[in-house]
Amino acid sequence: MSLRYAAVAVELDAPAEDVFALITDWPRHHEWMFMTDAWQAGSDMIEAYTGIRPFGFLDTMTITEWEPPHRVRVEHTGTVVRGEGAFRVRPLGPRWCRVVWAERVQVPRWALPGWPVVHAATVLLARRSLLRLGELAQR
C-alpha cells in the first residue's frame, strides 16, 4: 500500500457556520456531493454510498476529530476506501469562507499507475461538489 493525497480548496460566498452545518448534515450530502448518499451510522460513525446502485461502493467512516464550525476529520474504514479525510472551514469575513476538502488514501501498489487519472477525477469532482455546496448554502 502507498498513501496518496488529494485536496481541493474553494472560497464560497456563504457564512462558515452555514457551510459547516451543511457539510456535517450527512443525509443532505446527496444535494451537493457527486453521486453520494450519506447517513449517520452511530454516534461517531458515518456511512456513504457513492455511485449508482448497484455500481458503486460503501464508504464507512469513523469521526476522529469534531471541531464545529471549523473542522471534521474521519478515518475511512471500508474495503474500497481506507485512509483519512477532512473538511476544514475558515471564515474570511461575515459572508465568505474558505473550504478545504483533503483526502489521504491507501492505494494498492498494483493501482499506482492509474493514480494520476483517479487523482484528476477526484479533484475535479470534489471541486464541483464544493461549488454546489456553496450554491446550496447561499439559499
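Residues numbered from 1 in each chain as written. Predicted model: local features only at pLDDT ≥ 70, side-chain atom pairs only at ≥ 80, totals over all residues. Heavy atoms only, no water.

Chemist: Quick one: what's the story with the sheet that holds strand E2 (residues 36-42), residue by residue and with numbers?
Modeler: In a beta sheet, neighbouring strands are held together by backbone hydrogen bonds and run either parallel or antiparallel to one another. On the basis of which strands lie adjacent, the open sheet formed by seven strands has the order E1-E7-E6-E5-E4-E3-E2 and antiparallel pairing. Both outer strands of the open sheet, strand E1 (2-12) and E2, are each paired with one neighbouring strand and no more. Along the sheet, successive strands turn relative to each other by an average axial angle of 20°, direction set aside. Across six bridges, strand E4 (residues 55-67) lies against strand E5 (residues 71-77) in antiparallel orientation. Its bridge partner being in E5, Thr 62 is matched across the sheet by Glu 75. Strands E1, E4, E5, strand E6 (82-91) and strand E7 (97-107) of the sheet are contacted by helix H1 (residues 16-23), whose axis makes an angle of about 155° with E6. Along the sheet, helix H2 (residues 115-138) makes contact with E1, E6 and E7, crossing E1 at roughly 25°. (Pairing = 2+ DSSP bridges. Helix = DSSP H or I, 4+ residues; strand = E, 2+ residues; numbered from the N terminus. Axes fitted to C-alpha atoms, helices over the stretch in contact; angles between N-to-C directions. Contact = heavy atoms within 4.5 Å.)

Chemist: Give me the nonpolar core: which residues, what numbers.
Modeler: Core analysis: the largest hydrophobic core is formed by 30 residues, its most contacted members being Val 19, Trp 32, Val 99 and Leu 130. Elements with a contribution of two residues or more to this core: E1, H1, strand E3 (45-52), E4, E5, E6, E7 and H2. Sorting elements by how many residues they give to this core places H2 first, with six residues. Not counting residues up to four positions away in its chain, the partners in contact with Val 99 are Val 8, Ala 9, Val 10, Leu 12, Val 19, Ile 23, Arg 88, Val 89 and Leu 130. (Core = buried A, V, L, I, M, F, W, Y, C linked by side-chain atoms within 4.5 Å. Buried < 20%, exposed > 50% of the residue type's maximum accessible area, 1.4 Å probe, protein only.)

Chemist: An account of the environment of Ala 16 is needed here, citing residue identities and associated values.
Modeler: When you line up the elements, Ala 16 lands in helix H1. On the basis of relative accessible area, Ala 16 is assigned to the buried category, the value being 2%. Separated by 96 residues in sequence, Ala 16 and Leu 112 place their C-alpha atoms 36 Å apart. Every residue in contact with Ala 16, bar those within four places of it in the chain, is listed here: Pro 69, Val 89, Pro 91 and Cys 97.

Chemist: Describe in detail H1, supporting the description with residues and values.
Modeler: For H1, the full list of buried residues reads Ala 16, Val 19, Phe 20, Leu 22 and Ile 23. Each buried residue of H1 sits inside an arc of 160° when the element is viewed along its axis, so together they form one side. Where H1 is buried, its residues contact E1, E4, E5, E6, E7 and H2. (Arc of directions from axis to C-beta.)

Chemist: Report on the pattern of salt bridges, specifying residues and quantitative values.
Modeler: Inspection of the entire model under this criterion finds six salt bridges. With a closest N to O distance of 3.3 Å, Arg 71 and Glu 65 form a salt bridge. For Glu 65, a relative accessible area of 24% puts it in the partly exposed group. Here the salt bridges share partners, and the residues they tie into one network are Glu 65, Glu 67, Arg 71 and Arg 73. (Salt bridge = Lys/Arg side-chain N within 4 Å of Asp/Glu carboxyl O.)

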